[in-house]
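# Structure assessment
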Amino acid sequence: MDDSKTPLLLPIQSSTPNHGGCLACLKSVLTANNLSIAAGPMACLLIYIFVKLDGPKETIAMLAVLSWIFIWWLTEAVPIPITSMAPLFLFPIFGIASAETVAKSYMDDVISLVLGSFTLALAVEHYNVHRRLALNITILFCGEPLKPRLLLLGICATTAFVSMWMHNVAAAVLMMPVATGVLQRFPAGSSTGSDVTRFCKAVVLGVIYSAAVGGMSTLTGTGVNLILAGMWHSYFPNAKPLSFSTWFSFGFPLALLIFFALWGILCVLYLSKSTGSSLTAYLDKSDLKRELELLGPMAFAEKMVLAVFSMLVVLWITRSLTDDVPGWGVLFHGRVGDGTVSVMMATLLFIIPNRKQEGEKLMDWNKCKKLPWNIVLLLGAGFAIADGFRTSGLADVLSKALDFLETTPYFAVAPIICLISSTITEFTSNNSTTTLVTPLLIQLAKPMNMYPLLLMVPGAIGAQFSFLLPTSTPSNIVGFSTGHIDIKDMIKTGLPLKVAGIAALSVLMPTLGRVVFRATDQFHDM
């Protein structure tokens, strides 16, 4: 061998592993997650440098920051709660708002309402109040002979009722084990397309959609309603705030119509005349009663949690009633809000003993570790973005994209807005959709000379019609993970349900909505 050539071969041989190492390094950098992380600031930078809009520099800055936040929200490149805190540093850096101003958006009466409500929901979960209620209602509807339609109605109604008082996702998570516990009595090897399989699909779909529909009923049932209330107060501080009782007067009738539409759709698509006889052999009312008996008699702690929760609901409803009967809130000169009541009642849980162990209260801080801070931060981000939309002038610019609605007939406005919002919400979270759409609708109301809530409410309600895809909302994922349903089932059921929801809103918004929200015919300074 010619020794003089050996040194020339060594670099060539060593270059192969180095090349492979570079490729591996490049692949590790070019992962989907890292690309998504980089996409946020890159989009922000490109928009800030190259996009030109009419208005002050803060308008471009707000659009750039929004692109960053929404890319991270859509891709979940960074955990959503962390992304939700991005306005705290992006707004001051880009000159949109001061740090103090942005921070105030993350704690107001709506946030207090959420914290108090979720603390109560944790108590309900801890003491199995929800499970006892679910079993009682299921037994009530599980008659002899077995009527699958009534049983399905009972499960769906229970879920909707629970979702009225706690977050949709929490309601779906709490009720899905109850529903699947019923389904576990059926044979696992049922053939596809059989009555049993179709009934299982109907139950799972009924739980996730009922959780969404029930949440529309109350102001605290879903984050979307809270964001709407917060934005209304932020944009129109002198207007009468959206109270629990005001929203319930409109939201409950709307949810009731959509709920019965859901039940009808499920019965038509998944139940047949032979379903009852197919299920009778596997579903025995005595089994459900035995499961309820295992919970034992209702203890003192359960009774007190239920009493506190019931008192909270009564106080919410009666705080603000009508002009003639103003409610108990007038005693405090309007300084008390729904959040005040929520936190006050939650505090009682840390005072009342549970009578299980000496010195132990109904709740302690260890039980509160499951508080959904991600929802709290997301709500805060929504309020901060709403303020940024208004102060930066971006809302004025973007609202021009919806100028075509100015010439749209009055009765067509609500369904069009609802359709736009319900389409966007299939690809991003309900809260994010509301945060994006609502400020635009507020700005659009002025040139249309229309009362803002007549546009804001359809946008917010439409954002809750996320019925088609598993990823549209965490509640859908809860049902999808059971293995009983697939995407085709969701589309087959969700599409007519979305149409029914838009139709119900189109009827109630210009009729009941105008009365409940005391909407005038014109936009006026508030």
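Here, the structure is the one placed above.
Values in this document were obtained by computation on a predicted structure and should not be read as measured data.

### Quick word on the overall build of the protein
Of the regular secondary structure elements, the protein holds 24 helices and zero strands. A buried classification covers 52% of the 526 residues belonging to the protein. For the protein, long-range pairs separated by at least 24 residues make up 78% of all intrachain contacts whose partners lie at least 6 apart in sequence. Here the protein has roughly 23,300 Å² of accessible surface; of this, 67% comes from carbon and sulfur atoms.

### Some remarks on the packing of aromatic side chains
For the structure on display, the rule yields 16 aromatic pairs. Taking the centre distance of 5.3 Å and the plane angle of 75 degrees together, the rings of Y209 and F467 count as edge-to-face. Note that Y209 is positioned in helix α11 (residues 195-215) and F467 in the loop between α22 (453-462) and α23 (474-480), a separation of 258 residues in sequence. Residues Y209 and F467 agree in their burial class; the two are buried. Aromatic pair Y235 and F236: ring centres 6.5 Å apart, planes at 45 degrees, arrangement tilted. Using a relative accessible area of 9% as the deciding quantity, one classes Y235 as buried. Grouped by ring-pair contacts, the aromatic residues W232, Y235, F236 and Y451 constitute a single cluster. R355 extends its terminal NZ or CZ atom over the ring of F300, reaching a point 4.0 Å from the ring centre.

### Considerations on empty space enclosed by the protein
Per the counting criterion, the structure on display carries three cavities of 30 Å³ or more. Along its surface, the largest cavity is lined by V114, S117, F118, A121, W165, M166, H167, T220, T222, G223, L226 and I375. Those elements that place two or more of their residues in the lining of the largest cavity are α7 (109-126) and α12 (223-235). Top contributing element to the lining of the largest cavity by residue count: α7, with four residues. Residues of the lining of the largest cavity, tallied by class, amount to seven nonpolar, five polar and no charged.

### What to know about the side chain of S84
Among the secondary structure elements, S84 is positioned in the loop between α4 (80-83) and α5 (87-93). Exposure remark for S84: the relative accessible area of 0% places this residue in the buried category. Within the structure, the side chain of S84 is placed 2.8 Å from the backbone oxygen of I80, a separation counted as a polar contact. Look past the residues within four positions of S84 in its chain and what remains in contact with it is W73, Y106, L377, L378 and A381.

### So, the pattern of salt bridges
Proximity of charged atoms lets side chains of opposite charge pair with each other. Applying the stated criterion to the full structure yields six salt bridges. With its nearest N and O atoms 3.9 Å apart, the salt bridge here joins K104 to E100. Residue K104 and its partner E100 are located together in helix α6 (residues 99-104), separated by four residues, close to a single helical turn. Residue class for K104 comes out exposed when judged on its relative accessible area of 55%. Overall, the relative accessible area of 55% leaves E100 in the exposed class. Among the ionic pairs, D364 bridges to K367, the shortest N-O distance being 2.9 Å.

### Concerning the layout of surface pockets
Of the voids in this model, the largest pocket is the one considered here, and its volume is about 970 Å³. Tallying contributions element by element places helix α10 (residues 168-183) first for the lining of the largest pocket, with five residues. Taken together, the residues of the lining of the largest pocket sort by class into 22 nonpolar, 17 polar and four charged.

### Some remarks on the side chain of R132
Topologically, R132 is positioned in helix α8 (residues 129-141). A distance of 2.9 Å separates polar atoms of two side chains, one belonging to R132 and the other to E302. Excluding residues that lie within four positions of it along the chain, R132 makes contacts with L292, L295, G296, P297, M298 and E302.

### Regarding the environment of S210
Structurally, S210 can be placed in helix α11. The sequence separation of S210 and T158 amounts to 52 residues, and the corresponding C-alpha distance is 8.6 Å. Excluding residues within four positions of it along the chain, S210 makes contact with C156, T159, A160, S163, F259 and L262.

### Quick look at the packing of helix α16 (residues 300-318) against helix α17 (residues 338-348)
Each packed pair of helices is defined by two parameters, the angle between the axes and the distance between the axes. Here α16 crosses α17 at 165 degrees, and the two axes come no closer than 10 Å. It follows that α16 is roughly antiparallel to α17 by the angle criterion. The crossing of α16 and α17 is right-handed. Where α16 abuts α17, its residues V308, M311, L312, L315 and W316 lie against D338, V341, S342, M344 and M345. In terms of residue class, the contact of α16 with α17 is made up of eight nonpolar, one polar and one charged.

What counts and what doesn't
- Residues numbered from 1 in each chain as written.
- Predicted model: local features only at pLDDT ≥ 70, side-chain atom pairs only at ≥ 80, totals over all residues.
- Heavy atoms only, no water.
- Helix = DSSP H or I, 4+ residues; strand = E, 2+ residues; numbered from the N terminus.
- Buried < 20%, exposed > 50% of the residue type's maximum accessible area, 1.4 Å probe, protein only.
- Contact = heavy atoms within 4.5 Å.
- Areas by Shrake-Rupley, 256 points an atom, 1.4 Å probe, with all protein chains shown as cover.
- Phe/Tyr/Trp six-rings, centres within 6.5 Å; stacked < 30°, edge-to-face > 60°.
- Lys NZ or Arg CZ within 6 Å of the ring centre and 35° of its normal.
- 1 Å grid on protein atoms, 1.4 Å probe; cavity = no way out; pocket = protein on both sides within 12 Å on 5 of 7 lines; lining within 4 Å.
- Points joined across faces, edges and corners; volume = space filled by probe spheres on them.
- Nonpolar A, V, L, I, M, F, W, Y, C, P; charged D, E, K, R; others polar.
- Polar contact = N/O pair within 3.5 Å; in protein donor to acceptor, adjacent residues only side chain to side chain.
- Salt bridge = Lys/Arg side-chain N within 4 Å of Asp/Glu carboxyl O.
- Axes fitted to C-alpha atoms, helices over the stretch in contact; angles between N-to-C directions.
- Parallel < 35°, antiparallel > 145°, perpendicular 65-115°, else oblique.
- Left-handed = near helix turned anticlockwise from the far one by under 90°.

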